[in-house]
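Examination of the molecular architecture
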Amino acid sequence: NLVNLLPFLGDLFDKAPWVTSAFNLLSPLLIVWVILQIPRIMRNFSLWEGHVGAADIGASTYSKVVFFSLVQVFFVSAISSSLFEQLQAIVDRPLSIIDILAQSLPTKSVYFINYLLVKAFLSLALELLRPATALTAAVRRRFGPKHPTA
């Protein structure tokens, strides 16, 4: 829980309840932004491996990104949060870990729905808009050489 990690946020959340909603809405955006950076990082790892061809680099990058996404989104987000929330019950009854997780994992469905919606709409919109390319073109148009058209 973020309030346990940063206690001063408890007062802020009590005084301004809308901040809690803002944090809940911004958390999927932050995760999507981090995940959008992962292909660049994994491409650097693939280059360090010594792949020569662009196809080999792309295949290596893709496999790393898929594996990371699977581990990060499902295992880290769902299972670890459920385990931490139910840790006392698991310590009290270690043989019933499957039943405890079966009851607590479905409560994470809102997180996954938010994640999928943000991932689908934000990343696809950014891919279509290509903001880095648009910004580069605007800078070149503004500050680049002016060539008269013939």
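Residues numbered from 1 in each chain as written. Predicted model: local features only at pLDDT ≥ 70, side-chain atom pairs only at ≥ 80, totals over all residues. Heavy atoms only, no water.

**What about the environment of Gln103?**
As for its placement among the helices and strands, Gln103 is situated in helix α6 (residues 97–104). Looking at Gln103, the relative accessible area reads 65%, which means it is exposed. (Helix = DSSP H or I, 4+ residues; strand = E, 2+ residues; numbered from the N terminus. Buried < 20%, exposed > 50% of the residue type's maximum accessible area, 1.4 Å probe, protein only.)

**Re the side chain of Lys64**
Examined against the element boundaries, Lys64 turns out to sit in helix α4 (residues 54–85). Polar side-chain contacts of Lys64 include one of 2.6 Å to the side chain of Glu49. (Polar contact = N/O pair within 3.5 Å; in protein donor to acceptor, adjacent residues only side chain to side chain.)

**Regarding a nonpolar patch on the surface**
Together, Ile41, Phe45, Leu47 and Trp48 give the surface a local cluster of nonpolar side chains, amounting to about 440 Å² of exposed area. You can see Phe45 is positioned in helix α3 (residues 17–48). Judged by its relative accessible area of 37%, Phe45 falls in the partly exposed class. (Patch = residues over 30% accessible without salt bridge, like charges linked within 9 Å, V, L, I, M, F, W, Y side chains within 5 Å. Areas by Shrake-Rupley, 256 points an atom, 1.4 Å probe, with all protein chains shown as cover. Salt bridge = Lys/Arg side-chain N within 4 Å of Asp/Glu carboxyl O.)

**As for helix α2 (residues 8–15)**
When we look at burial in α2, the residues that qualify are Leu9, Gly10 and Phe13. Take α2 and look down its axis: the buried residues cluster within an arc of 110 degrees, on one side only. Of the exposed residues in α2, the ones pointing more than 90 degrees away from its buried face are Phe8, Asp14 and Lys15. (Arc of directions from axis to C-beta.)

**So, the packing of α2 against α3**
Where α2 meets α3, the axes come as close as 4 Å, and the angle between the chain directions of the two elements is 110 degrees. Classified by the interaxial angle, the pair formed by α2 and α3 is roughly perpendicular. Across the interface between the two elements, Leu12, Phe13, Asp14 and Lys15 of α2 pack against Pro17, Val19, Thr20 and Phe23 of α3. When the residues that make up the contact of α2 with α3 are grouped by side-chain class, the tally is 5 nonpolar, 1 polar and 2 charged. (Axes fitted to C-alpha atoms, helices over the stretch in contact; angles between N-to-C directions. Parallel < 35°, antiparallel > 145°, perpendicular 65-115°, else oblique. Contact = heavy atoms within 4.5 Å. Nonpolar A, V, L, I, M, F, W, Y, C, P; charged D, E, K, R; others polar.)

**Quick word on helix α7 (residues 109–129)**
The end-to-end C-alpha distance of α7, which contains 21 residues, comes to 30 Å, matching closely the 30 Å that a straight helix rising 1.5 Å per residue would cover. Those residues of α7 lying buried are Tyr115, Val118 and Ser123. In the stretch just after α7, Arg130 is the one whose phi turns positive, near 50 degrees. (Expected span 1.5 Å × (residues − 1).)

**A few points about the layout of surface pockets**
The space that makes up the second largest pocket amounts to roughly 400 Å³. As for the second largest pocket, its lining consists of 13 residues, and the residues nearest its centre are Leu36, Arg40, Ser123, Leu126 and Glu127. Those elements that place two or more of their residues in the lining of the second largest pocket are α3, α7 and α8 (131–143). When residues of the lining of the second largest pocket are assigned to their parent elements, the largest contribution, 6 residues, is made by α3. Taken together, the residues of the lining of the second largest pocket break down into 8 nonpolar, 2 polar and 3 charged. (1 Å grid on protein atoms, 1.4 Å probe; cavity = no way out; pocket = protein on both sides within 12 Å on 5 of 7 lines; lining within 4 Å. Points joined across faces, edges and corners; volume = space filled by probe spheres on them.)

**Concerning the confidence of the model for the protein**
Scored by pLDDT, the protein comes out at a mean of 79, with 89% of its residues at no less than 70. Looking at the elements of the protein, mean pLDDT is at its lowest for helix α1 (residues 2–5), recorded as 72, and at its highest for α8, recorded as 88. (pLDDT = per-residue confidence, 0-100.)

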